[in-house]
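Commentary on secondary and tertiary structure
Here are the chains, one letter per residue:
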Amino acid sequence: MSFAIGDWVQGRTKDGEMIQGFIASLNEQRNIATVHVVQSDHDAAVGTAVAVLSSWLKPQPTLEVLDYEGPLLDFIELALATRDAEWFAELTERLRAIAQKQEQNGEEGAPVLHGRNRLGQIF
């Protein structure tokens, strides 16, 4: 499967650790992708870059969570952490649109899509 830099993926490392993250760089000659790990069953791997064979990766399933305030705030935080101004602008515009839609429809909040706080702990 062909990946591009920035694609969200999941897979396993050579040590069998499950990882989820985004592709930071690619070496197509050697069929290796460097993945910035955002979730793993090995806590020490989170926040690091791991080289993985591209064949051991698959695309991260996409969810339509960007229609809700909670996940959008998490992604805005990630955009700030990675200093991605373009993504930050896109996400904040989407957040404004959701707020306007809720205001027009008289909606009182959105469903909770995940059970964790900013530290990643289940509450």
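These numbers were taken from a predicted model, which means no experiment stands behind them. (Residues numbered from 1 in each chain as written. Predicted model: local features only at pLDDT ≥ 70, side-chain atom pairs only at ≥ 80, totals over all residues. Heavy atoms only, no water.)

Description of the pairing of strand β2 (residues 18-27)
Relative to β2, strand β1 (residues 8-12) is paired through 5 bridges, and the arrangement is antiparallel. From the neighbouring strand, Val9 faces β2, where its bridge partner is Gly21. Hairpin remark: β1 followed by β2, antiparallel, with 5 residues in the connecting loop; positive phi at Gly16, about 85°. As defined by bridge partners, β2 adjoins strand β3 (residues 32-40) across 8 bridges and the pair is classed as antiparallel. Across the sheet, residue Ser25 finds its bridge partner in β3, namely Thr34. Counting the residues in the hairpin turn of β2 and β3 gives 4 residues, including Asn31, whose phi is positive at 60°. (Pairing = 2+ DSSP bridges. Helix = DSSP H or I, 4+ residues; strand = E, 2+ residues; numbered from the N terminus.)

Some remarks on the side chain of Glu17
With respect to the helices, strands and loops of the structure, Glu17 is situated in the loop between β1 and β2. Of the side chains with opposite charge, Arg12 comes closest to the buried, unpaired Glu17, at an N-O distance of 9.1 Å. Residues within four places of Glu17 in sequence aside, it is in contact with Gly11, Arg12, Ser40, Asp41, His42 and Ala45. (Buried < 20%, exposed > 50% of the residue type's maximum accessible area, 1.4 Å probe, protein only. Lys, Arg positive; Asp, Glu negative; His and termini not counted. Salt bridge = Lys/Arg side-chain N within 4 Å of Asp/Glu carboxyl O. Contact = heavy atoms within 4.5 Å.)

Here's the deal with the sheet that holds β2
The antiparallel open sheet is built from 5 strands, whose spatial order is β4-β3-β2-β1-β5. Pairing within the sheet leaves two strands with one partner each, and these edge strands are β4 (49-53) and β5 (57-59). Ignoring which end each strand starts from, the neighbouring axes of this sheet average 45° apart. (Axes fitted to C-alpha atoms, helices over the stretch in contact; angles between N-to-C directions.)

Notes on the environment of Trp8
Looking at where Trp8 falls in the secondary structure, it is placed in strand β1. Distance from Trp8 to Ile23, taken between C-alpha atoms, is 6.6 Å for residues 15 residues apart in sequence. Apart from the residues within four sequence positions on either side, Trp8 is in contact with Gly21, Phe22, Val38, Pro59, Gln60 and Leu78.

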